[in-house]
Structures are given as C-alpha cells and as structure tokens.
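Inside the fold
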Amino acid sequence: MNASRILVIEDDPLNMKLFRSLLVLGAYEVLEAADAATGIELARSQRPDLILMDIQLPDMDGLEATRILKRQEETMAIPVVAVTSYAMPGDET
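Read on for a plain summary of the structure. (Residues numbered from 1 in each chain as written. Predicted model: local features only at pLDDT ≥ 70, side-chain atom pairs only at ≥ 80, totals over all residues. Heavy atoms only, no water.)

**Details of the nonpolar core**
Within the largest apolar cluster, 15 residues are counted, with the highest numbers of intra-cluster contacts made by Leu7, Ile9, Ile51, Met53 and Leu69. Mapped onto this core, the elements with two or more residues apiece are strand S1 (5–9), strand S2 (29–33), helix H2 (36–46), strand S3 (50–54) and helix H3 (62–71). Here this core gets 4 residues from one element, more than from any other, and that element is H2. Excluding residues within four positions of it along the chain, Leu7 makes contact with Leu31, Glu32, Ala33, Gly39, Leu42, Ala43, Pro48, Leu50, Ile51 and Leu52. Ile6, Val8, Met16 and Phe19 belong to the second largest nonpolar core, which has 6 residues in total. (Core = buried A, V, L, I, M, F, W, Y, C linked by side-chain atoms within 4.5 Å. Buried < 20%, exposed > 50% of the residue type's maximum accessible area, 1.4 Å probe, protein only. Helix = DSSP H or I, 4+ residues; strand = E, 2+ residues; numbered from the N terminus. Contact = heavy atoms within 4.5 Å.)

**Focus: H2**
The complete set of buried residues in H2 reads Ala36, Gly39, Ile40, Leu42 and Ala43. Axial view of H2: buried residues confined to an arc of 165 degrees, hence all on one face. Here H2 starts with a cap whose side-chain oxygen sits 3.3 Å from the backbone nitrogen of Ala37, and that cap is Asp35. Immediately beyond the C-terminal end of H2, within one or two residues, lies Arg47, with a positive phi of roughly 50 degrees. (Arc of directions from axis to C-beta. Polar contact = N/O pair within 3.5 Å; in protein donor to acceptor, adjacent residues only side chain to side chain.)

**Comments concerning the pairing of S2**
In this structure, S1 lies alongside S2, joined through 5 bridges in parallel fashion. Of the residues in S2, the one forming a bridge with Ile6 is Val30. Tracing the backbone out of S1, into helix H1 (residues 13–25) and back to the parallel element S2 gives a crossover that is right-handed. (Pairing = 2+ DSSP bridges. Right-handed = clockwise from strand over helix to strand, strands pointing away.)

Note that all results are geometric; they support no functional claim without further evidence.
See the structure below:
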C-alpha cells in the first residue's frame, strides 16, 4: 500500500521541520515548498492527497494560491488546509 502524499507549503524552516517530523511519524510521504508558486507547480505535477498551506507566504498569500488551485482541473479536487499562526482575534497584521 502506498503512503498518502501530503504537500506542505510553508516558508518558515522551523515550521516546515515540525510538519515534516510529524508527518513522517505518521508514515506519510511529504512534499515541500517554501513559496506558493513552487507549491502550485508541485501540486500540478505530483498530485498530492492533501495540501497544508501557510497563509502568510512571500510571493503570494495562501488564500490566492488556493484560489488558483481550485480553478485548475488537475488540482481542484485536492483538499487544502490553511495553516497560520494568526489564529486568534486581534492577531491580524
């Protein structure tokens, strides 16, 4: 049986390390991208089972990247889970 493939789109190296460590423990195959453009390309070419997407990314935010993924036939069915440290009211920048 093949491991589920999860794409993590995260620009913070420490957060990426945490995601990788936890997902590998769960026996998932982990794909990594440090920016939205790379993540979109990986999603198109590798067709992961799930995408974990940071909202605050350097080239475009995760919400815009998700809109792009959901408009494209080859990626529209891939679930995207937003991950952000801006989770509490008043934390917005």
